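Inside the fold
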Amino acid sequence: MPNFSSEIRIIVGAAIIADGRVLACERSEPAEVAGRWEFPGGKVEPGETEHDALVRECEEELGVTVEVGERVGQDVMLGHGRAVLKVYTARLVTGVPQLIEHAEFRWLAAHELHTVPWLPADAPIVAALPKFMGDGA
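Residues numbered from 1 in each chain as written. Predicted model: local features only at pLDDT ≥ 70, side-chain atom pairs only at ≥ 80, totals over all residues. Heavy atoms only, no water.

1. Section: the UniProt feature "domain: Nudix hydrolase" (unreviewed entry) in the protein chain
What counts is decided by this rule: UniProt positions are given in the numbering used here, feature names are shortened, and annotations may be inferred rather than shown by experiment. Each helix corresponds to a stretch of at least 4 residues labelled H or I by DSSP, and each strand to a stretch of at least 2 residues labelled E; elements are numbered beginning at the N terminus.
Feature annotation in UniProt assigns "domain: Nudix hydrolase" (unreviewed entry) to the following positions: residues 7-133. Here residues 7-133 is 15% helix and 44% strand, with 33 Å between the C-alpha atoms at its ends.

Following this line, the structure appears as structure tokens:
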């Protein structure tokens, strides 16, 4: 029988949008996902809101402060149902993204979204993203 008593872990991601482009980040580790692309973010810690976690993760991963906006797409189940990914739009408030935890990043226009190999969990978010990006094609 599956163990339903354990709480589902919430993972948040930031679709940081500037000038009609979204920030895509290339994973450098672990080895099984290195070279795949994602939205920056991470786990919501106990006592943290999803928005607070996203602000903290962007500071840790990119060295920037963001303002969190609206949800993008639906919840994406991860880890055989043990975690859920929730992605929000975000805008840069202060700072310029730095390569702290990622191998590379790119600002992608809507027509460029499919030019990088996204992590499978991010694919449904990528599909929902163009309507949030404005006219940046």
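Having seen the structure, we can now continue with the description.
2. Looking at unusual backbone geometry
Residue Pro30 is bonded to the preceding Glu29 through a cis peptide linkage, with omega at -10 degrees. Looking at the secondary structure, you find Pro30 in the loop between β2 (21-27) and β3 (37-38). A positive phi angle, close to 50 degrees, is found at Asp19, a residue other than glycine.

3. Here we look at the environment of Trp107
Put simply, the test is: Here a residue-residue contact requires only that any non-hydrogen atoms of the pair lie within 4.5 Å.
You can see Trp107 is positioned in strand β7 (residues 102-109). Separated by 55 residues in the primary sequence, Trp107 and Asp52 have C-alpha atoms spaced 24 Å apart. Beyond its immediate chain neighbours, meaning those up to four positions away, Trp107 contacts Ile16, Ile17, Ala18, Arg21, Val22, Leu23, Leu92, Pro97 and Glu112.

4. Digging into the packing of aromatic side chains
Selection criterion: A pair of Phe, Tyr and Trp rings is counted when the ring centres sit within 6.5 Å of each other, with Trp represented by its six-membered ring. The angle between the planes then sorts it: under 30 degrees is stacked, over 60 is edge-to-face, the rest tilted. Two limits define a charge over a ring: the Lys NZ or Arg CZ must be within 6 Å of the ring centre, and within 35 degrees of the ring normal.
On inspection of all chains with the given rule, the structure shows 1 aromatic pair. Residue placement shows Arg71 over the ring face of Tyr88; its charged tip is 5.6 Å from the ring centre.

5. Topic: the pattern of salt bridges
Our working definition: Here, a salt bridge means any side-chain nitrogen of Lys or Arg that lies within 4 Å of a carboxyl oxygen of Asp or Glu. The buried label goes to any residue with under 20% of its type's maximum accessible area, the exposed label to any with over 50%, and the partly exposed label to all in between, with areas taken from a 1.4 Å probe on protein chains only.
What the rule picks out here adds up to 9 salt bridges. Between Glu112 and Arg21 there is a salt bridge; the shortest N-O distance is 2.7 Å. Of the two residues, Glu112 sits in the loop between β7 and α2 (123-128) while Arg21 sits in strand β2, which places them 91 residues apart along the sequence. Arg21 gets classed as partly exposed once you look at its relative accessible area, which sits at 30%. One salt bridge in this structure joins Arg56 and Glu48, with 2.6 Å as the shortest N-O distance. We classify Glu48 as partly exposed; its relative accessible area is 22%. Sharing partners across several salt bridges, the network here consists of Glu48, Arg56, Glu57 and Glu60.

6. With respect to helix α1 (residues 50-62)
To keep things clear, this is the line we draw: Multiplying one less than the number of residues by 1.5 Å gives the expected span of a helix.
If you check α1, its first and last C-alpha atoms are 18 Å apart, about what 13 residues at 1.5 Å a residue would give, namely 18 Å. Glu50, Ala53, Leu54, Arg56, Glu57, Cys58, Glu61 and Leu62 are the residues of α1 that are buried. If you follow the buried residues of α1, they end up packed against β1 (9-18), β2, β4 (41-43), β5 (65-78), β6 (83-94) and β7.

7. Points about the side chain of Asp122
Stated precisely, the cut-off is as follows: Charge counting follows a simple rule: Lys and Arg are positive, Asp and Glu are negative, and His as well as the terminal groups are ignored.
Along the chain, Asp122 turns up in the loop between β7 and α2. Arg27 is the oppositely charged side chain nearest to the buried, salt-bridge-free Asp122, at an N-O distance of 7.3 Å.

8. Regarding the environment of Val64
When you line up the elements, Val64 lands in the loop between α1 and β5. For Val64, the residues in contact, after removing those within four places along its chain, are Cys58, Glu59, Leu92, Thr94, Gly95, Val96 and Pro97.

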